[in-house]
Amino acid sequence: MKTMKRVQDSQTEQVYIIRSQHINPQGRLFGGYLMQWIDEMAVIVSRRHSGKSVTTASIDNLSFKAGAYQNDMVVLVGKLTYVGRTSMEVRVDTYVEDYAGKRRSINRAYVVMVAVDENENPVEVPGLIMGSEAEQAEWLAGEKRYKLRKQRRIEGF
């Protein structure tokens, strides 16, 4: 029987303070830094779930909604939304948090990670237990994204 894990078993949160080296010429957080942090978050979440080494297969969606500025606290929250046999879809939400703890969304990304063995061959990952209606809705949306990604590969995208 396949091992199963809950969404919250691998959910992760990371906080960064935006410093001068993170700023682009327009005075906002350089998107490349955020992309790196998103990829790192996806690695952590998928390693926690799979217990294996992982590699990034794709970033399915990366939507910049608003900027972050020097001295802002940026919070990344990563969680699994869908798993296949060897792949895992990780949703990473990024927020700017004010001094009162209120968060506003600035980015959402879906990253597909694949668990691999020491020879870089894909290996099976545990299944995912959904504990809430929101998690079940994410799973169904993840299934749709999985099918769309598969179709795009067939079409050469």
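Everything below is about the structure shown above.
A quick note: this is a predicted structure, and the numbers were derived from the prediction, not measured.

K.L.:
Would you mind going over the overall build of the chain in detail, with residue names and values included?
P.N.:
Per the secondary structure count, the chain includes two helices and seven strands. Reading the helices (α) and strands (β) of the chain from amino to carboxyl end gives β-β-α-β-β-β-β-β-α. Over its C-alpha atoms the chain spans a radius of gyration of 16 Å, differing by no more than 12% from the 15 Å that the globule rule assigns to 157 residues. Its C-alpha atoms put the chain at 50 × 35 × 30 Å along the principal axes. Summarising the internal contacts of the chain: among those between residues at least 6 apart in sequence, 71% fall at separations of at least 24. Summed over all atoms, the accessible surface of the chain reaches about 9,000 Å², with 49% contributed by carbon and sulfur. Of the side chains in the chain, 23 bear a positive and 19 a negative charge, and the two mean positions are spaced by 2 Å.

K.L.:
Just give me the short version of helix α1 (residues 31-50), but keep the residues and values in it.
P.N.:
Taking 1.5 Å per residue as the helical rise, α1 with its 20 residues ought to reach 28 Å, and the 28 Å between its terminal C-alpha atoms agrees with that figure. For α1, the full list of buried residues reads L34, W37, I38, M41, A42, V45, S46, H49 and S50. One or two positions beyond α1, positive phi appears at G51, with a value near 70°.

K.L.:
Kindly report on the pattern of salt bridges, identifying the contributing residues and their values.
P.N.:
All told, the structure shown has eleven salt bridges when counted by the stated rule. Of the charged contacts, one joins R103 and E13 as a salt bridge, the two residues approaching to 2.8 Å between their closest N and O atoms. Residue R103 is found in strand β6 (residues 103-116), and its partner E13 is found in strand β2 (residues 12-17); the two are separated by 90 residues along the sequence. Residue classification places R103 among the partly exposed positions, given a relative accessible area of 33%. The network of salt bridges with common partners includes D60, E89, R91, D93, R108, E138, R145, R149 and R152.

K.L.:
Give me the layout of surface pockets: which residues, what numbers.
P.N.:
Estimated volume of the largest pocket: approximately 240 Å³. Considering the residues around the largest pocket, the lining is formed by 14 residues, among which A57, S58, V112, R149 and R153 are closest to the centre. Sorting the residues of the lining of the largest pocket by element identifies β3 (53-64), β6 and α2 (133-155) as the ones contributing at least two each. Here the lining of the largest pocket takes five residues from α2, the largest share from any one element. Tallied by class, residues from the lining of the largest pocket come to five nonpolar, four polar and five charged.

Calculation rules
Residues numbered from 1 in each chain as written. Predicted model: local features only at pLDDT ≥ 70, side-chain atom pairs only at ≥ 80, totals over all residues. Heavy atoms only, no water. Helix = DSSP H or I, 4+ residues; strand = E, 2+ residues; numbered from the N terminus. Rg over C-alpha atoms; globule rule 2.2 N^0.38 Å. Contact = heavy atoms within 4.5 Å. Areas by Shrake-Rupley, 256 points an atom, 1.4 Å probe, with all protein chains shown as cover. Lys, Arg positive; Asp, Glu negative; His and termini not counted. Charge placed at Lys NZ, Arg CZ, Asp CG, Glu CD. Expected span 1.5 Å × (residues − 1). Buried < 20%, exposed > 50% of the residue type's maximum accessible area, 1.4 Å probe, protein only. Salt bridge = Lys/Arg side-chain N within 4 Å of Asp/Glu carboxyl O. 1 Å grid on protein atoms, 1.4 Å probe; cavity = no way out; pocket = protein on both sides within 12 Å on 5 of 7 lines; lining within 4 Å. Points joined across faces, edges and corners; volume = space filled by probe spheres on them. Nonpolar A, V, L, I, M, F, W, Y, C, P; charged D, E, K, R; others polar.

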